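# Structural description and commentary
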Amino acid sequence: MRINYLALRNFRNYIAVDLEFPPGTSVFAGFNGQGKTNLLEGIYYLLHGRSYREGELIRWGERYFHLEGEFALGERNIHIEAYSQGRRKVMKVNGSPVRKLSEYLGTVNAVSFAPDDLTLVKGGPSERRKFLDQHIAQIQPRHIAILNSYNKALQQKNALLKTNLTLRDKQQQISLWNEQLVNFGCKIIANRMELVEPLAQCTAEIYSEISGRRERFGMLYRSLGKNDAREAIALFPSFLQDKQSEEIERRISFLGPHRDDLYFRLGDKPARLYASQGQQRSIVLSLKLAQMRLIKDLKSEYPLLLLDDVLSELDKERQEFLLSFIRTANIQTLLTMTNGEKFPGNSAVFYVEEGKIRRKV
Amino acid sequence: MNFLSYPRPLADLITALSRLPGIGPKTAGRLAFYLLQEPEAAEALAQSIRAAKEEIRQCSLCCNFTDSDPCALCQSDQRDHSLLCVVEQPRDVAALEKTGEYKGLYHVLHGTLSPMEGIGPDQLRIKELLGRLEGVKEVVMAVNPTVEGETTALYLSRLLKPMGILVTRIAHGLPVGGDLEYADEVTIARALEGRRQL
C-alpha cells in the first residue's frame, strides 16, 4: 500500500491541506500541538474507516470534516473519501459509498507505531488480544463476526447471571448460552492458535536481530489458563459446567477466550514484569515489523508504516535497524519528529506549523 | 420554531408519533401537521387505531394477531395440524404465508430469549406452545439467524425432543436471484456449511 495524495478539510486542527507524498520516507517535523499526529490519523482513518484515537474529528467551530486520498495497491490506484454528514460518517471507494471498508481493503493497511503502543507489553491482556484478533481478521475475515457473536452471547449470559431468577431457572438457561459460547469460543481459540504461530516465529526472529542475537524473545498464546490451546478447546465445555455454580454465585462469567492472554517472554522471564523500557520498545517494534512482514507475505505488498514520535525514543542501534529495514524492504514510511532532531537520510522533509504544512526544498 | 413552543396538544401528538418504529422527530412533525390540515383523515385514522386495538387480540392457540378466536388459520381444515412453525413475530407469519408453500400451522413467540432486555421463557408464548402439542409430529424453527434466535431455538428443541417430536430448523443460505459475489462472508460460510448433495 502506498499513498500518493492526501487532502484534509476541517479535520482536527487543519482547515485545508493538500499534500503529495513521494515514495520512500517522509518526515513531518514540528513542535508539539502543531498537528503532526492528526495528519497520520487522517491517513489511518481513510484506510480503516475509523480512528485509533478518541476525541472530536471535526475542527472546532465547523460542521463537518472531509478527507480524501489516493492510494496505490499493486498496480491499482484507489481513491478513498471519508466525511461526516451530521452524526453519520460516510466512506467512498472510487466514488461509490461502501458500508464495510474492510471488505474492499482488508483490516490492516497501515501499521502505526506510537509511544502509547508500549501498553502492548506493559498493559493488560485486552490490548494484546485486540492486536492478535485484528491480525487474524486480516487473514480470516470471518473472525470478526465470530467474535461479535461470542460477545453477544457473553453479554446475554452476564445479564442472566445478574437477574434475580431462581437458581433452577438460571441453571437451565445458562446451559443454553454456554452452548453458544462453546460453539463460537472454540472457533476463536482455534483461529488464534493457528495464526499466533507464524506471528510468534517472525517476531522472535526480528527481535533476535534487533538485540544483536543477544536476547531471545518468545510469545505464547494461553487459552483458559492452558499452554496448549488444543487442550483448552477440548476442556472448554466441561470447564463451563464445573464453574457454573461459582459463576452464579459471583454473578459474572469469568471463563472463556475473552480472558485469554498472549504471554511475552524475554529469555525465561515474563516481559510484562521484567522488560526494561528499551526492551519494551524493541518488543513492540518487533511485533509491528513482524505484522508488516506477514501482511507482505499475504498480499505481496507491505502496508504503509506510520511512525508517530517513536524514532527518537529508540537508541542508535535500534534506530539504524529500523531505518535499514524500511530501506531494504522499500516501505513507504511517514514519520513525525520534533524540530531539531536529526532527520534520517534520503527522506523528504515537511514542516508542520499551526495546521499548515510546507515541504522543505 | 422550537418544538417545545408548539401548543401542548400538538407537541404531545408529535411526541406520540415519534415513538413509533421508523419515525424520527422530523417525520413525526410532518405527520402531525398533515393530520391537523386533514381533519377527515385524522378522524379515520383515530377510528381505525381504536378499532384495531379493540377488536384484534392474540389467538389463544397460535398467539398470532386475530379478530376471531381461534384465528382463521388455526380453525382451517385445509391446514396440516400435525406441523407447527415457530416464529418470533406476527409479521413473520405474513412473510411465510406469502410463499404459499407452507401448509402447517404457526406459533408466534413474540420475541426471543434475551436476558439483557429481561426476556426469559416466561415472557415468551412458550407455555401456550407446550399446551397445544397434542397430535403434533414436527415443529419447524423459523427464528432469525441471530445469537438470540438460535439460543431460543435450542431452548425449545431441548423441551420438545424428549416428547418424541421431530424438531427442524429452516436453512441458512443465499438469497435466490442474488449474486454470490455480493453476499457477505458470514452468509456464504453458513451456506457452505449447509450444502447438500445434488
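This one's a predicted model, so the numbers in the text were calculated from it and none came from an experiment. (Residues numbered from 1 in each chain as written. Chains lettered and ligands numbered in written order. Predicted model: local features only at pLDDT ≥ 70, side-chain atom pairs only at ≥ 80, totals over all residues. Heavy atoms only, no water.)

## A few points about the packing of aromatic side chains
Residues and elements named next belong to chain A. Counted only if it meets this: Working definition: rings of Phe, Tyr and Trp (its six-membered ring) pair if their centres are within 6.5 Å, and the pair is stacked with planes under 30 degrees apart, edge-to-face with planes over 60 apart, and tilted otherwise. For the purposes of this entry, the term helix denotes a DSSP run of H or I that reaches at least four residues, the term strand denotes a run of E that reaches at least two, and both are numbered from the N terminus. Between buried and exposed lies partly exposed: a residue is buried under 20% and exposed over 50% of the maximum accessible area for its type, with that area taken using a 1.4 Å probe on protein chains only. Lysine and arginine charges are scored as sitting over a ring when NZ or CZ, respectively, is within 6 Å of the ring centre and within 35 degrees of the ring normal.
Inspection of every chain in the model, using the stated rule, returns ten aromatic pairs over all chains. Between Phe28 and Phe350, the aromatic rings sit 4.8 Å apart at their centres with planes inclined by 15 degrees, giving stacked as the arrangement. Linking Phe28 in strand E3 (residues 25–29) with Phe350 in strand E14 (residues 348–353), this pair joins segments that are 322 residues apart in sequence. Residue Phe28 shares its accessibility class with Phe350, and that shared class is buried. Ring-pair connections join several aromatic residues into one group, and the members of that group are Phe11, Tyr45 and Phe65. Across from the ring centre of Phe254, 4.2 Å away, lies the NZ or CZ of Arg250, which sits over that ring.

## Describing the pattern of salt bridges
All names here are of chain A. This is how it is decided: Throughout this description, the term salt bridge denotes a Lys or Arg side-chain nitrogen within 4 Å of a carboxyl oxygen of Asp or Glu.
Summed over the entire model, instances satisfying the criterion amount to 24 salt bridges over all chains. Linking Arg9 and Asp18 is a salt bridge whose minimum nitrogen-to-oxygen distance equals 3.2 Å. Given the relative accessible area of 29%, Arg9 is considered partly exposed. Among the salt bridges present, the one from Lys243 reaches Glu246, with a minimum N-O distance of 3.8 Å. Of the residues examined, Glu246 reaches a relative accessible area of 33% and is grouped as partly exposed. Taken together, the shared-partner salt bridges in this structure form one network comprising Arg12, Glu41 and Arg53.

## Things to note about the packing of helix H4 (residues 125–139) of chain A against helix H10 (residues 277–299) of chain A
All names here are of chain A. The cut-off we apply is this: Only C-alpha atoms enter the line fits that serve as axes; for helices the fit covers just the stretch in contact. Angles between N-to-C directions range over 0 to 180 degrees. Put simply, angles under 35 degrees are roughly parallel, angles over 145 are roughly antiparallel, angles from 65 to 115 are roughly perpendicular, and the rest are oblique. Two residues qualify as a contact provided that any one of their heavy atoms is within 4.5 Å of a heavy atom in the partner residue. In this classification, the charged set is Asp, Glu, Lys and Arg, the nonpolar set is Ala, Val, Leu, Ile, Met, Phe, Trp, Tyr, Cys and Pro, and all remaining amino acids, among them Gly, are polar.
The geometry of H4 relative to H10 is characterised by a closest axis approach of 11 Å and an angle of 10 degrees between their N-to-C directions. As summarised for this structure, H4 and H10 are arranged roughly parallel, according to the angle between their axes. Contact with H4, carried on its side by Phe131, Gln134, His135, Gln138 and Ile139, involves Leu287, Gln291, Leu294, Ile295, Leu298 and Lys299 of H10 and no other residues of that element. By residue class, the composition of the contact of H4 with H10 is six nonpolar, four polar and one charged.

## Concerning the sheet that holds strand E4 (residues 104–108) of chain B
Residues and elements named next belong to chain B. Condition: Strand pairing requires that DSSP identify at least two bridges connecting the strands.
Ordered in space as E4-E3-E5-E6, the four strands form an open sheet in which the pairing is parallel. Among the strands making up the open sheet, the edge pair consists of E4 and strand E6 (166–169). Within the sheet, the average angular offset between the axes of one strand and its neighbour, ignoring direction, is 25 degrees. Across four bridges, strand E3 (residues 80–87) lies against strand E5 (residues 138–141) in parallel orientation.

## What about the UniProt feature "binding site: ATP" (unreviewed entry) in chain A?
Residues and elements named next belong to chain A. Short version of the rule: UniProt positions are given in the numbering used here, feature names are shortened, and annotations may be inferred rather than shown by experiment.
Within this structure's numbering, the places UniProt gives as "binding site: ATP" (unreviewed entry) are Gly30, Phe31, Asn32, Gly33, Gln34, Gly35, Lys36 and Thr37. With respect to the helices, strands and loops of the structure, Gln34 is situated in the loop between E3 and helix H1 (36–48). Setting aside anything within four residues of it in sequence, one finds Gln34 in contact with Asn13, Tyr14, Val352, Glu353, Glu354 and Gly355. When you line up the elements, Thr37 lands in helix H1. Each residue touching Thr37, except ones within four places of it in the same chain, is listed here: Tyr52, Arg53 and Asp308.

## Description of the interface of chain B and chain A
By convention, interface size is frequently given as the accessible area that disappears when the constituent parts associate. For clarity, the threshold we go by: Throughout, buried area stands for the accessible area (probe radius 1.4 Å) lost by two parts on being put together, summed over both.
Each partner contributes to the interface: chain B provides 18 residues, whereas chain A provides 20 residues. Where chain B abuts chain A, roughly 1,800 Å² becomes buried across the two surfaces, and 60% of that area is made up of carbon and sulfur atoms. When the buried surface of chain B facing chain A is broken down by residue, Pro115, Met116 and Val147 of chain B rank first, second and third, together holding 31% of it. Linking chain B with chain A are three salt bridges. A salt bridge links Lys152 of chain A to Glu148 of chain B; the shortest N-O distance between them is 3.1 Å.

## Focus on the UniProt feature "domain: RecF/RecN/SMC N-terminal" (unreviewed entry) in chain A
Within the UniProt annotation, "domain: RecF/RecN/SMC N-terminal" (unreviewed entry) is assigned to residues 3–341 of chain A. Helix makes up 48% of residues 3–341 of chain A and strand 22%, and the two end C-alpha atoms of the span are 25 Å apart.

## What to know about the nonpolar core
This is how the line gets drawn: Among buried residues, the Ala, Val, Leu, Ile, Met, Phe, Trp, Tyr and Cys ones that are joined through side-chain atoms within 4.5 Å form a nonpolar core.
The biggest cluster of nonpolar side chains holds 98 residues, and the ones touching the most others in it are Met219, Phe264 and Ile283 of chain A together with Val139 of chain B. Tallying contributions element by element places helix H6 (residues 167–210) of chain A first for this core, with 17 residues. Setting aside residues up to four positions removed in sequence, Val139 of chain B forms contacts with Leu84, Val86, Leu133, Leu160, Ile165, Leu166, Val167 and Thr168 of chain B. Residues Phe11, Leu39, Leu57 and Leu101 of chain A belong to the second largest nonpolar core, which totals 38 residues.

## What about the layout of surface pockets?
Worth spelling out the cut-off: Site definitions follow a grid-based scheme: protein atoms alone, a 1 Å grid, a 1.4 Å probe that fits but cannot get out for cavities, and for pockets an open set with protein on both sides within 12 Å along at least five of seven lines, plus lining residues having an atom within 4 Å of a point. Grid points are joined across faces, edges and corners, and a volume is the space filled by probe spheres set on the points.
Within this model, the second largest pocket holds a volume of roughly 760 Å³. Phe184 of chain A together with Pro145, Thr146, Glu150 and Arg190 of chain B are the residues nearest the centre of the second largest pocket, which is lined by 30 residues in total. Elements represented by at least two residues in the lining of the second largest pocket include exactly helix H5 (142–162) and H6 of chain A together with helix H7 (147–160), E6 and helix H8 (185–193) of chain B. Considering only residue class, the lining of the second largest pocket consists of ten nonpolar, ten polar and ten charged.

## Some remarks on empty space enclosed by the protein
Residues and elements named next belong to chain A. Tallying each qualifying case throughout the model produces two cavities of 30 Å³ or more. Computed from the structure, the largest cavity encloses a volume of approximately 50 Å³. Lining the largest cavity we find Met1, Leu73, Val108, Asn109, Ile295, Lys299, Glu301, Tyr302 and Pro303. Residues belonging to the lining of the largest cavity are distributed by class as follows: six nonpolar, one polar and two charged. Taken as a whole, the second largest cavity holds about 40 Å³ of empty space. Lining the second largest cavity are Phe113, Ala114, Pro115, Leu118, Arg281, Val310 and Glu313. Grouping the constituent residues of the lining of the second largest cavity by class yields five nonpolar, no polar and two charged.

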